[in-house]
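# Summary of structural features
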Amino acid sequence: MALAAPVIVSMTLSSAIPAFAQSKFDEQFVSYPTYSGDDLELLVDNSGTHFRLWSPKAQEARVNLYENGHTGKPYKTLPMKFEASNGTWTTSQPEKLYGKFYTFQIKYDGKWKDETPGVWAKAVGVNGERAAIIDFSKTNPEGWAADKGPAVKNFSDVIVYEMHHRDMSMHPSSGIANKGKFLALTEDGTVTPLGEKTGIDHLKELGITHVHILPSYDYNSVDEANLQTNTYNWGYDPLNYNAPEGSYSTNPSDPESRVKEMKEMVKALHDAGIGVIMDVVYNHTAENDGSNFELTAPGYYHRHWDNGKYADASACGNETASERKQMRDYIVNSAKYWAKEYHIDGFRFDLMAIHDTETMDEVARELKKINPDIFVYGEGWTAADSPLAKDRRALKENVSKMTDIAVFSDDLRDAVKGHYSDASDRGFATGKPGLEETVKIGIVAATPHPQVDYKKGNNSKFPYATSPEMIVNYVSCHDDLCLTDKLRKSMAGELEENLLDAAKLAQTIVFTSQGTPFMFSGEEIFRDKKGVHNSYMSPDSINAIDWNNKSKYRDLFDYYKGLTALRKAHPAFRMTSADDIAKHLVFDKIDSSKTPNLISYSLKDNANGDAWKEIKVVFNGASVPQTTTVKKGNWMIVAQDGKISPEGDLGVTKGGKITLAPYSALILAQE
Ligand code: CA
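Here's a quick rundown of the structure. (Residues numbered from 1 in each chain as written. Predicted model: local features only at pLDDT ≥ 70, side-chain atom pairs only at ≥ 80, totals over all residues. Heavy atoms only, no water.)

With that settled, the discussion passes to helix 6 (residues 357–370). Here helix 6 is 14 residues long and its end C-alpha atoms lie 21 Å apart, about the 20 Å a rise of 1.5 Å per residue gives. All of the buried residues along helix 6 are Thr-357, Thr-359, Met-360, Asp-361, Val-363, Ala-364, Glu-366 and Leu-367. Taken together, the buried residues of helix 6 touch helix 5 (325–342), strand 15 (346–349) and strand 16 (375–378). (Helix = DSSP H or I, 4+ residues; strand = E, 2+ residues; numbered from the N terminus. Expected span 1.5 Å × (residues − 1). Buried < 20%, exposed > 50% of the residue type's maximum accessible area, 1.4 Å probe, protein only. Contact = heavy atoms within 4.5 Å.)

Written out as structure tokens, the structure is:
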């Protein structure tokens, strides 16, 4: 979930950053002993089953052992012993307890708290109430040892496709058997009634490099015990961070099934050459006092204000405290766990600015040791104020203080299609003047550029990125109106063909801009959400993609295919340094007060080793035709009037005056 960042004119960096930016109330947690071993909560080895719970201030602690994940009383309760030096409680059983379930309980302030599966449950029973003891070596699909995601040379080579498991497969037209499940993306050969490819074959056909799956850890809101009346949720309400969500498995009561099936999904995508990025929401928990964090180490994992109230930068009731050692380690180790156990290729951090920059640096650094191709990006903003000092937040404005972390550019997003919070507001691509400079900020990936006047930027007033690899460009995502709905509301009264033209133009800007392009699933076939802007718990009738659209909007889909192919074939759109962009990307001088909604630039001198010597890119976001002047020469036509050919075989032109249709892009190339 997300909001946009506030306008930040410049960041004042304090020279003396305190060791812990926190409230008076939170000072008590600084002195807690911490534990950094990798055997937290559960370890099964040849000497038996071992439990180790971190809970420095508990007065007593115990483990309840169960025969199943949901009903009945514990068959055994084990008291735990305290190790004061590291704040953990331990107990063991001599046998391997595979197939059993457990919960922890601590006594705190003289009272036994509710049972909890702990914070490190890697397998869980139905609804994540009890942790499960399973043999992970039995959950691997065939060929798992050799499984690997696609190689990524530079992050600007990645093309992200953001999707929700149910959106992709629930509609009858998907032709997919395992609807709403991890297994949906393991089915090949699925088609619409008219024979158009769906599911994983559709992704291959489209040409994206990575899927970004909406939260797929175990979340709170969907009742896994009642799948017949299954409800929909985006999943931004974390329950168990280290186990997959049960409703996406074929049997949530069988703890192995969710693990196995998620791995099978990853394997199928990897076999198709597609990477898997996971949306992670370490910034808050679904519940406050009832969260697994609070039930194991009260107070420690969350931030509070001076008066002891939960701080709430997530606007979901609370926020976590990444600056505290045990919480920072938790985030880092949890991400590492997904990378190692599930071969996850990237992480999208929800409300990343709730975390501190040091933590995000450590996340990226540690993940790279596992796989240097792992891509980490996030929302460089919070949803409300936080006790964490601004200069320590992983804000987009602080992105260049971090290493190997990218942020979403809300600059490009809002400038191209109109403001996210005002449905009727138009953007550069839909005829609103005055946004040219903000679009240019997106085109140069918020890097310093001699021809971009950041003072005229709408969302940011300075070049906050020092490299294009720090920027993810997009016009829409799961949040707010999807592109189709935004166009329908803001262009109300216009012909649908105009909307389709604007959709093509908007996405052309994203895919030709420097940085990493990101798109929302289904927009390539003009999917809508019936005008619902916050569909986080709307039914499938709102959220599911109607794949019949693929025949109806085949021309739009082919255009998107052209965009991915163009970008992949031409490194000029994927430069890797700010210097290269400043040198090779040259804007043509256009007086926006006289000819608004027109941007023209060249990618010169075989930019980034491109086979094309020069590429001319022109955008006309006006509702009327506009004319541009291209220098004389032999140009191949790559895109014009809503058509695209990555090979540049739409014809040739000698340059001179060229008129662009309303809401359209012109791309020319010279060898
Ligand atoms: Ca769940």
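Looking at the metal site, the calcium ion is ligated by Asp-218 (OD), Tyr-219 (O), Glu-224 (OE) and Glu-245 (OE), spaced 2.2 to 2.4 Å from it. Read in sequence order, the donor residues for the calcium ion give the motif D-Y-x4-E-x20-E. Residue Tyr-219 is located in strand 12 (residues 217–219), and its partner Glu-245 is located in the loop between strand 13 (238–244) and helix 3 (255–271); the two are separated by 26 residues in the primary sequence. Overall, the relative accessible area of 2% leaves Tyr-219 in the buried class. By relative accessible area, which is 0% here, Glu-245 ends up buried. (Donors = N, O, S within 2.8 Å, 3.2 Å for Na, K, Ca; no water.)

Tallied over the entire structure, the rule returns 45 salt bridges. Two residues, Lys-396 and Asp-411, come together in a salt bridge whose shortest N-O distance is 3.1 Å. Linking Lys-396 in the loop between strand 16 and strand 17 (406–409) with Asp-411 in helix 7 (residues 410–417), this pair joins segments that are 15 residues apart in sequence. The pair formed by Lys-396 and Asp-411 is uniform in burial state, with each residue classed as buried. Linking Arg-426 and Glu-494 is a salt bridge whose minimum nitrogen-to-oxygen distance equals 2.9 Å. Here the residue Arg-426 occupies a position in the loop between helix 7 and helix 8 (436–443), and Glu-494 occupies one in the loop between helix 9 (483–490) and helix 10 (496–512), the gap between them amounting to 68 residues. Taking the relative accessible area as the measure of exposure, Glu-494 reaches 25% and is therefore partly exposed. (Salt bridge = Lys/Arg side-chain N within 4 Å of Asp/Glu carboxyl O.)

At a minimum axis separation of 10 Å, helix 9 and helix 10 run at an interaxial angle of 130 degrees. As far as their axial angle goes, helix 10 and helix 9 are oblique. As for the relative orientation of helix 9 and helix 10, their crossing is right-handed in sense. When helix 9 is examined against helix 10, the residues Leu-483, Leu-487 and Arg-488 are found in contact with a partner set consisting of Glu-496, Leu-499, Ala-502, Ala-503, Ala-506 and Gln-507. For the contact of helix 9 with helix 10, a count of residues per class yields 6 nonpolar, 1 polar and 2 charged. (Axes fitted to C-alpha atoms, helices over the stretch in contact; angles between N-to-C directions. Parallel < 35°, antiparallel > 145°, perpendicular 65-115°, else oblique. Left-handed = near helix turned anticlockwise from the far one by under 90°. Nonpolar A, V, L, I, M, F, W, Y, C, P; charged D, E, K, R; others polar.)

Within the closed barrel, the 8 strands sit side by side as 10-11-14-15-16-17-18-19. Their pairing is parallel. Adjacent strand axes in the sheet meet at a mean angle of 30 degrees, parallel and antiparallel pairs treated alike. Strand contacts of helix 7: strand 17 and strand 18 (471–473), with the helix running at about 15 degrees to strand 17, the strand carrying the most contacts. (Pairing = 2+ DSSP bridges.)

Turning next to the packing of aromatic side chains. If you walk through the whole model with that rule in mind, you get 37 aromatic pairs. The interplanar angle of 20 degrees and the centroid separation of 5.4 Å between the aromatic rings of Tyr-32 and Tyr-300 together place this pair among those described as stacked. In this pair, Tyr-32 is assigned in the segment before strand 1 (43–45) and Tyr-300 in the loop between helix 4 (292–296) and helix 5, connecting sequence segments 268 residues apart. Look at Tyr-32 and you get buried, because its relative accessible area is 9%. Ring geometry for Tyr-474 and Phe-518: centres 5.6 Å apart, planes at 80 degrees, overall edge-to-face. On the criterion of sequence distance, the pair formed by Tyr-474 in the loop between strand 18 and helix 9 and Phe-518 in strand 19 (residues 516–520) is long-range, its members being 44 residues apart. Each member of the pair, Tyr-474 together with Phe-518, is buried. A cation over an aromatic ring shows up here: Arg-130 above the ring of Tyr-66, its NZ or CZ 3.5 Å from the ring centre. The positively charged end of Lys-440 is found above the aromatic ring belonging to Phe-587, 4.9 Å away from the centroid. (Phe/Tyr/Trp six-rings, centres within 6.5 Å; stacked < 30°, edge-to-face > 60°. Lys NZ or Arg CZ within 6 Å of the ring centre and 35° of its normal.)

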